[in-house]
Amino acid sequence: MPSHTYPSVTRWPALDLLGAISSHGAPVSIKPIGAEDGDAGSAILAAAPREAGDLIVMGAYGRS
């Protein structure tokens, strides 16, 4: 099986996150915020109220 490498944790193959989450009946939208790695935490926290978000879902790998 070939091994794949990705230049950054922000460039994973496309996943159907919208379909996976909405299949459980939750209204969901996905909006990239375009933050640099070092600014990701503050950018996520700033985007939540701006987008009227009340839940932030984040993967377990790729960010410390």
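Our subject in this report is the structure included herewith. (Residues numbered from 1 in each chain as written. Predicted model: local features only at pLDDT ≥ 70, side-chain atom pairs only at ≥ 80, totals over all residues. Heavy atoms only, no water.)

Helix and strand content of the protein: two helices and zero strands. Summing over all exposed atoms, the protein offers an accessible surface of approximately 5,700 Å²; the carbon and sulfur share of this is 59%. (Helix = DSSP H or I, 4+ residues; strand = E, 2+ residues; numbered from the N terminus. Areas by Shrake-Rupley, 256 points an atom, 1.4 Å probe, with all protein chains shown as cover.)

Of note in this structure, Ala52 is not a glycine but carries a positive phi near 60°. For Ala52, the position within the fold is in the segment after helix H2 (40–50). Take Ala52: its relative accessible area is 66%, and that puts it in the exposed class. (Buried < 20%, exposed > 50% of the residue type's maximum accessible area, 1.4 Å probe, protein only.)

Here we take up H2. The periodicity of an α-helix, 3.6 residues per turn, causes residues three or four positions apart to be oriented the same way. When we look at burial in H2, the residues that qualify are Ala40, Ala47 and Ala48. For H2, the arc enclosing every buried residue in end-on projection is 110°, short of the 170-degree limit, so these residues lie on one face. Turned more than 90 degrees off the buried face of H2, the exposed positions are Ser42, Leu45, Pro49 and Arg50. Immediately beyond the C-terminal end of H2, within one or two residues, lies Ala52, with a positive phi of roughly 60°. (Arc of directions from axis to C-beta.)

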